[in-house]
Amino acid sequence: MAKRVMFFTYGVVCYLIFLGTFLYAIGFIGGFAVPTTLDGPADRPWPEALAINAGLLALFAIQHSVMARKWFKLQWTRIVPKPIERSTYVLFSSVALVVLFWQWQPMGGEVWTVESVPIAAALRVLFAFGWGLVLVSTFLIDHFDLFGLRQVWLYLVGGPYTARNFATPGPYRLVRHPLYLGWFFAFWMTPTMTVAHLVFAIATSVYILLAIQFEEHDMVREFGETYEDYKRRVPMLVPFTSNPATKTTTSTTSASFSRPS
């Protein structure tokens, strides 16, 4: 029983660290309420700052993607017990982000500044909408499973772990990746786009587009025609852009839904 309690406590701590990191990220990207942000005057030569920031982004991208792959999990769970594998993934992702927040180098300069008060306010609303869409999307695909709490809870009470089913609720009927769409809003919707913010937005956008390819490859491998049909019917990121001729009249299909990377 002590082991079960220890694993559950570990999972809760990992989740709380993630939650703090998530909240800090809102201020870090939005430029308010936290000590370090994307924007600010340059403290070191531009090429040096760019190299450091690129390294920080690469560190997060490699950790976040490699640890999410099945081949890595098969090896990793020989060391880390399965009930806390997801919590450990969440912890490592949070640590990678904390390092990025800590070492990020502002680069000065402005790419654009929106002077219009209504337009600037609209961009801030869309920024908030993006974060809200990210959060809502996690609950639609099972927030507590995604961040490891369900796994450690089931281990605590002695219940077997089974993959959740989904029925493409809400925004999943409009786009296949509403969570990633939310990140695009969060990263790009800003009244003042600095050079460092632009570097961050471009790099994370490229990463998201690449991550989607890996994720969908895994989905097709696991669910075959079920997911292929979903891809034909529902666009990837932009609502209402799928070819009507490819849509089918089949009812919503239930299937195990893999977590985003």
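Calculation criteria
- For every chain, the first residue of the written sequence is number 1, and numbering continues from 1 along that sequence.
- For a predicted model such as this one, the threshold for reporting local features is a pLDDT of at least 70, and the threshold for listing and counting side-chain atom pairs is 80 or more; totals across whole chains, interfaces and linings nevertheless cover every residue.
- Here the side-chain values reflect all heavy atoms present in the structure, with hydrogen atoms and water set aside.
- Helix and strand definitions here come from DSSP, where helices need a minimum of 4 consecutive H or I residues and strands a minimum of 2 consecutive E residues; each element is numbered from the N-terminal end.
- Each residue's exposure class comes from its accessible area (1.4 Å probe, protein chains only) as a fraction of the maximum for that residue type: buried when under 20%, exposed when over 50%, partly exposed otherwise.
- Here a residue-residue contact requires only that any non-hydrogen atoms of the pair lie within 4.5 Å.
- A 3.5 Å cut-off defines polar contacts: any pair of N or O atoms within that distance qualifies, except that in protein one atom must be a possible hydrogen donor and the other a possible acceptor, and neighbouring residues in sequence count only when both atoms are side-chain atoms.
- Planes of paired rings set the category: under 30 degrees apart is stacked, over 60 is edge-to-face and the rest tilted, where pairs are Phe, Tyr or Trp rings (Trp by its six-membered ring) whose centres lie within 6.5 Å.

A. Spatial organisation of the environment of E216. Along the polypeptide, E216 turns up in helix α9 (residues 195-223). Residue classification places E216 among the buried positions, given a relative accessible area of 5%. Along the chain, E216 and W71 lie 145 residues apart, while their C-alpha atoms are 16 Å from each other. For E216, the residues in contact, after removing those within four places along its chain, are R176, H177, Y227 and K231. Of the polar contacts made by the side chain of E216, one reaches the side chain of R176; its length is 2.6 Å.

B. Seen up close, helix α7 (residues 149-157). Of the positions making up α7, those classed as buried are L149, R150, Q151, V152, L154 and L156. Taken together, the buried residues of α7 touch α1 (2-30), α4 (85-103) and α6 (143-146). In the stretch just after α7, G158 is the one whose phi turns positive, near 80 degrees.

C. Molecular detail of the packing of aromatic side chains. Counted by the stated rule, this structure contains 22 aromatic pairs. Seen from their ring centres, W71 and F72 are 6.1 Å apart, and the 80 degrees between their planes marks the pair as edge-to-face. Note on W104 and F200: the rings are 5.8 Å apart at their centroids and 85 degrees apart in plane angle, and the pair reads as edge-to-face. Here W104, found in the loop between α4 and β1 (110-113), pairs with F200, found in helix α9; they are 96 residues apart in sequence, far enough to count as distant. For the pair W104 and F200, a shared accessibility class is recorded, and that class is buried.

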